Amino acid sequence: MQTLQGIGASEGIAIGAAVCISTRIGDIYQIPVPENEVETEIARFLEAVEKSQGEIKRLRDRVGDEMGDELAGIFDAQALVLSDSTFLDSVIHHIRSERVNAEWALQETVSEIQARFDAIDTTYLRDRQEDLRHVCRYVIQGLRGIHLHQLSEVPDGIVIVADDLSPTDAVRLGREKVIGFVIEHGSATSHTTIIARSLNLPAVLGVSGINRMLVDHAEVPIVIDGSTGQVILYPDAQTLARYETTLAERRRADLELLEDIELPSETTDGVGVQVMANIDLPEELEDSQRFGAAGIGLYRSEFLYIERSPKLPSEEEHLAIYRRMVEAAAPHPAIIRTYDLGGRKIAREVMETHEANPVLGLRGIRLTLARLDIFKTQLRALIRATIYGDLRIMLPLVTIPEEIIEFRRVSEEVMQELDQEGLAFRRDFKLGVMIEVPAAAMISDIMARYVDFFSIGTNDLIQYALAVDRSNEHVASLYRPLHPGILRMLRLIIRNADEAGIEVSMCGEMAGDPKLTAVLIGCGLRRLSVSPRRVPAVKRQVRMLTSAPLEAIVDQCAQLATAEEIEKYLQEQISAANTS
Ligand code: PEP
Ligand code: MG
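Notes on the structure follow.

1. Quick notes on the overall build of the chain
Argument step 1. Along the chain, the regular secondary structure elements total 23 helices and 16 strands.
Argument step 2. Per-residue burial over the chain gives 54% buried out of 580 residues.
Argument step 3. The contacts of the chain with a sequence gap of at least 6 include a subset with a gap of at least 24, amounting to 70%.
Argument step 4. Accessible surface computed for the chain: about 25,100 Å², of which carbon and sulfur atoms make up 52%.

Structure (C-alpha cells):
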C-alpha cells in the first residue's frame, strides 16, 4: 500500500482501478545498435508501424460506428502519416546512418518535421503536428510491446491518471466509464477541475511522480479522496473498508442536504441570498433543479464548442440548448455567457494563432470580437432565445468599455438581420459583464454605466490580481481568495454596482465555498452562482448566519495584513456573533 498526497480538487471518493493515460511516454534514450543488428532494428520498426496501422484502423472503425464518419476522418489523417514513404524512409535512414534504436530515430524524424511545421503556423499544420505526435506515440508503444487500450474497452470503475489533461479531454473521458481523475498538474480552479465537478467526479491534482510510477502498469487498485487530496495505491482490506464506510456516510449526508432544499435561502435576520447554478454541460441542468438552484447564474457556452469540435455548433444547435437553459431556469433568469474560449480552453475551429502566453492572450471577449464570423451564429441564437424567458447575455474577460460598445454594435446588426428575416426576438434583453480583470474591477463604476449587471469571476480575478496561474500546482498555495487585496477589490465592485443600481453576483469558485459565505454576505453580495451540487450546502450556510454584524467584520478584515490573519479573525468573530 502506498499513500500519496495531492490537492483535493473535486469532492468525492473513488474506489477502483487506475489506468495511466500519461501523454508523455517516458524518456527515450539513444541506444547504439551494433552494425550486424541494424537490419533487425529496421524490421522491428516496420513491424511496430504495421501494428500501429492495425490499431489506428480499429479505432477508426469504432469511432466511425459510434460517432460518424466525420470524426473517424481524424484517424485517416493519422493512417496517412504511417503510409508516407518519405516519413518511413527518414526513420530508416536515421537507424542506418547513425546506428541507433528505432525509438530514437523516430523521435529525431518527428522533431525535424515539427521544426519545419513551426516555421509556418496555421491551424491546418498544427492539427497535422498533433497527428504526427499521436502516430509517434502509437509506434513507440508498438515498439515497446504495450497494447493500446481504449477507454471503452476497459472495465467499469476506472480512475484516470494523467500528467496533464485538457478540459476537452476531461469532458470526453469523464463521460466514459471514468470514476475519478488524478492529474499531476493543475489546481483547484483549473478548468479541468471545474469539469470534474460538473460531472460529479472526484479529482486530485498535483500528485507529483504518479505517472512515472504507473506508466508501465496495467490496472492498479486505487482509492482517491477528492476532499482530502489523498491517493492510495494498492489499498489493503482495512483501508478499503474504511473508505467504503466514509463513502456511505457522505452519501447519507448528501441526501440529508437534499431534505431541506425547499427551505428559504435566508439569514436568521431575514436577508435573502439567491443561490444560482453554474452550468458547464447540459447534463447538469437536471442537477441544478434537483439541488434547488434559483436560476442559472453562469452557463459556460464555450463547452458547446469544445463538445462539438471539430464541428462548429450550428445556429439551431445553439438555439435548442439556450431554450433548454431558459426553460429549466424559469421563473428565474438564465445567464448565458458568450463563448470564453482561449487560454486553456481551446477549440481549434475558433482559434487561429499559437500563443506563448495564452492566458494573457486572445481569449474571452477579445477572441469573440476577433472572430465575428463565428460569433454571429451564437449571437443570433442567443437573441432569438430571448423569446423563451428571462435570458440574459454575459460577456467574459471584459477589460475596457469599448468591448461592450462593440458588442452592442454587433447586436444591433444582428437584430436588424433577424428583423429582416422575420424571426422573433426580444430587444430588451439584459446585458452583463464578468468582472474578472483587475483593471475592470478598478473602473467598475464606469463599467456599470454600460451594462445591466455584473458577475464577479473570482477564478480569473484572483489569478490576475495575485499573479498566480490558476492551473499551476506549484503556486496553488499562493492562490488566496482572502488576500486583503482581493477583499478590497470585491467590496469596491459591489459598492460600485450598488451605487449604480445594477445587479451584482459572483460565479467564481469562491462563491461555492460555504466557509466563505459569511465574508461574501459581509461584502454585500446577495446573489451567488455555484456548481449545482454545492447549492444545498451554501443555502444551509446562509440559513445559519446572521447578516447584521458581517459588514463590520469584513470592514475589519480588509484592514488586516494577510489571508491567515483574516481567516483567524473571521473564525473568532463569526463564532462569537453566532453564539451571542
Ligand atoms: C471565473 O473566472 O471566475 C469564471 C467563473 O470563469 P471561468 O472559470 O470559466 O474562467
Ligand atoms: Mg473566468
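Once the structure has been displayed, the description carries forward.
2. Focus on the pattern of salt bridges
Argument step 1. The final tally for this structure, using the stated rule, is 39 salt bridges.
Argument step 2. For Glu 406, the salt bridge is made with Arg 409, and the minimal N-O distance between the two is 2.9 Å. Note that Glu 406 and Arg 409 are positioned in helix 15 (residues 401-420) at a spacing of three residues, about one turn of the helix.
Argument step 3. With a relative accessible area of 25%, Glu 406 lands in the partly exposed category.
Argument step 4. The partly exposed category is assigned to Arg 409, whose relative accessible area is 39%.
Argument step 5. Note that Asp 428 is salt-bridged to Arg 426, the shortest N-O span being 3.1 Å.
Argument step 6. On the basis of relative accessible area, Arg 426 is assigned to the partly exposed category, the value being 41%.
Argument step 7. Within the structure, one salt-bridge network assembled from shared partners comprises Glu 315, Glu 316, Lys 376, Arg 380, Arg 384, Glu 406, Arg 409, Glu 413, Glu 417 and Glu 421.

3. Considering the coordination of the magnesium ion (ligand 2)
Each pair of donors in an ideal four-coordinate tetrahedral metal site encloses 109.5 degrees, whereas pairs in an ideal six-coordinate octahedral site enclose 90 or 180 degrees.
Argument step 1. Here the magnesium ion (ligand 2) is held by the protein donor atoms Glu 436 (OE) and Asp 460 (OD), which lie 2.1 Å from it. One end of the pair, Glu 436, is in the loop between strand 13 (431-435) and helix 16 (438-442); the other, Asp 460, is in helix 18 (residues 458-466), and 24 residues separate them in sequence. The pair formed by Glu 436 and Asp 460 is uniform in burial state, with each residue classed as buried.

4. Thoughts on the site of ligand 1
Argument step 1. In the vicinity of ligand 1 lie 16 residues, with Arg 300, Arg 337, Gly 457, Asn 459 and Arg 470 positioned nearest.
Argument step 2. Note that an oxygen atom of ligand 1 is positioned 2.7 Å from one of the side-chain N or O atoms of Arg 300.
Argument step 3. Here Arg 470 contributes a side-chain N or O atom positioned 2.8 Å from an oxygen atom of ligand 1.
Argument step 4. Summarising the interface, the protein chains cover 100% of the accessible area of ligand 1, which totals 290 Å² for the free molecule.
Argument step 5. When each cavity is represented as a set of grid points, ligand 1 is found to reside in the second largest cavity.
Argument step 6. Residue assignment for the shell around ligand 1 shows that the elements contributing at least two residues are helix 7 (191-198), strand 10 (296-300) and helix 18.

5. Looking at the sheet that holds strand 1 (residues 2-5)
Argument step 1. Strand order in this open sheet of eight strands is 1-8-7-3-4-5-6-2, and the pairing throughout is mixed. Only two strands of the sheet have a single neighbouring strand rather than two, namely strand 1 and strand 2 (7-10). Going across the sheet, the axis of each strand differs from the next one's by a mean of 30 degrees, ignoring polarity.
Argument step 2. Across three bridges, strand 2 lies against strand 6 (residues 203-205) in antiparallel orientation. Residue pairing for strand 6: Gly 8 is matched across the bridge by Val 204.
Argument step 3. Across the sheet, helix 7 lies against strand 2, strand 5 (178-183) and strand 6, angled at about 55 degrees from strand 2, the strand it touches most.

6. Observations regarding the side chain of Thr 517
Argument step 1. Secondary-structure assignment places Thr 517 in helix 20 (residues 517-523).
Argument step 2. The class for Thr 517 is buried, based on a relative accessible area of 1%.
Argument step 3. Sequence-distant contacts of Thr 517, defined by excluding residues within four places in its chain, comprise Val 538, Gln 541, Val 542 and Leu 545.

7. Describing helix 7
Argument step 1. A large share of helix 7 lies buried, amounting to eight of its eight residues.
Argument step 2. Within helix 7, burial applies to His 191, Thr 192, Thr 193, Ile 194, Ile 195, Ala 196, Arg 197 and Ser 198.

8. Focus: the environment of Leu 545
Argument step 1. Tracing the chain through its elements places Leu 545 in the loop between helix 21 (535-544) and helix 22 (550-557).
Argument step 2. Looking at Leu 545, the relative accessible area reads 3%, which means it is buried.
Argument step 3. Placed 30 residues apart in sequence, Leu 545 and Ser 575 show a C-alpha to C-alpha distance of 9.8 Å.

9. Focus on the nonpolar core
Argument step 1. If you look at the biggest cluster of nonpolar residues, it comprises 118 residues, and the most contacted ones within it are Phe 181, Tyr 322, Ile 393 and Phe 454.
Argument step 2. The residues that make up this core include at least three from each of domain 1 (2-23 + 149-238) and domain 3 (254-579).
Argument step 3. What Phe 454 contacts, discounting residues up to four positions off in sequence, is Val 433, Ile 435, Ser 444, Met 447, Ala 448, Ile 493, Ala 497, Ile 502, Glu 503, Val 504 and Ser 505.

10. Looking at helix 19 (residues 484-500)
Argument step 1. Compared with the 24 Å implied by 1.5 Å per residue over 17 residues, the 24 Å span of helix 19 between its first and last C-alpha is a close match.
Argument step 2. The complete set of buried residues in helix 19 reads Pro 484, Ile 486, Leu 487, Met 489, Leu 490, Arg 491, Leu 492, Ile 493, Ile 494, Asn 496 and Ala 497.
Argument step 3. In the segment just after helix 19, Gly 501 is the residue with positive phi, at about 75 degrees.

11. Here's the deal with the side chain of Asp 340
Argument step 1. Along the chain, the position of Asp 340 falls in the loop between strand 11 (334-337) and helix 13 (365-370).
Argument step 2. Within the structure, the side chain of Asp 340 is placed 3.3 Å from the backbone nitrogen of Gly 364, a separation counted as a polar contact.

12. What to know about unusual backbone geometry
Argument step 1. Pro 331 follows Ala 330 through a cis peptide bond whose omega is 5 degrees.
Argument step 2. For Leu 397, which is not glycine, the phi dihedral falls at a positive 55 degrees.
Argument step 3. One can find Leu 397 in the loop between strand 12 (391-395) and helix 15.

13. Brief notes about the packing of helix 18 against helix 19
Argument step 1. Running from amino to carboxyl end, helix 18 crosses helix 19 at an angle of 130 degrees, the nearest separation of the two axes being 11 Å. Classified by the interaxial angle, the pair formed by helix 18 and helix 19 is oblique. Considering how the two elements wind past one another, helix 18 and helix 19 form a crossing that is right-handed. Touching Thr 458, Leu 461, Ile 462, Ala 465 and Leu 466 of helix 18 are Ile 486, Met 489, Leu 490 and Ile 493, all from helix 19.
Argument step 2. Grouping the constituent residues of the contact of helix 18 with helix 19 by class yields eight nonpolar, one polar and no charged.

14. Some points on the packing of aromatic side chains
Argument step 1. Under the defined criterion, the tally for this structure stands at four aromatic pairs.
Argument step 2. With a centroid separation of 6.4 Å and 65 degrees between ring planes, the pair formed by Tyr 299 and Tyr 322 is classed as edge-to-face. You can see Tyr 299 sitting in strand 10 and its partner Tyr 322 sitting in helix 12 (residues 315-329), a full 23 residues away along the chain. One exposure class covers both Tyr 299 and Tyr 322, and it is buried.
Argument step 3. Each member of the aromatic cluster is reached from another via a ring pair, and the members are Tyr 305, Tyr 339, Phe 375 and Phe 407.

Definitions and limits used
- Residues numbered from 1 in each chain as written.
- Chains lettered and ligands numbered in written order.
- Predicted model: local features only at pLDDT ≥ 70, side-chain atom pairs only at ≥ 80, totals over all residues.
- Heavy atoms only, no water.
- Helix = DSSP H or I, 4+ residues; strand = E, 2+ residues; numbered from the N terminus.
- Buried < 20%, exposed > 50% of the residue type's maximum accessible area, 1.4 Å probe, protein only.
- Contact = heavy atoms within 4.5 Å.
- Areas by Shrake-Rupley, 256 points an atom, 1.4 Å probe, with all protein chains shown as cover.
- Salt bridge = Lys/Arg side-chain N within 4 Å of Asp/Glu carboxyl O.
- Donors = N, O, S within 2.8 Å, 3.2 Å for Na, K, Ca; no water.
- Near = heavy atom within 4 Å.
- Polar contact = N/O pair within 3.5 Å; in protein donor to acceptor, adjacent residues only side chain to side chain.
- 1 Å grid on protein atoms, 1.4 Å probe; cavity = no way out; pocket = protein on both sides within 12 Å on 5 of 7 lines; lining within 4 Å.
- Sits in = over half its atoms within 2 Å of the grid points.
- Pairing = 2+ DSSP bridges.
- Axes fitted to C-alpha atoms, helices over the stretch in contact; angles between N-to-C directions.
- Core = buried A, V, L, I, M, F, W, Y, C linked by side-chain atoms within 4.5 Å.
- Domains from an automatic or database assignment.
- Expected span 1.5 Å × (residues − 1).
- Parallel < 35°, antiparallel > 145°, perpendicular 65-115°, else oblique.
- Left-handed = near helix turned anticlockwise from the far one by under 90°.
- Nonpolar A, V, L, I, M, F, W, Y, C, P; charged D, E, K, R; others polar.
- Phe/Tyr/Trp six-rings, centres within 6.5 Å; stacked < 30°, edge-to-face > 60°.

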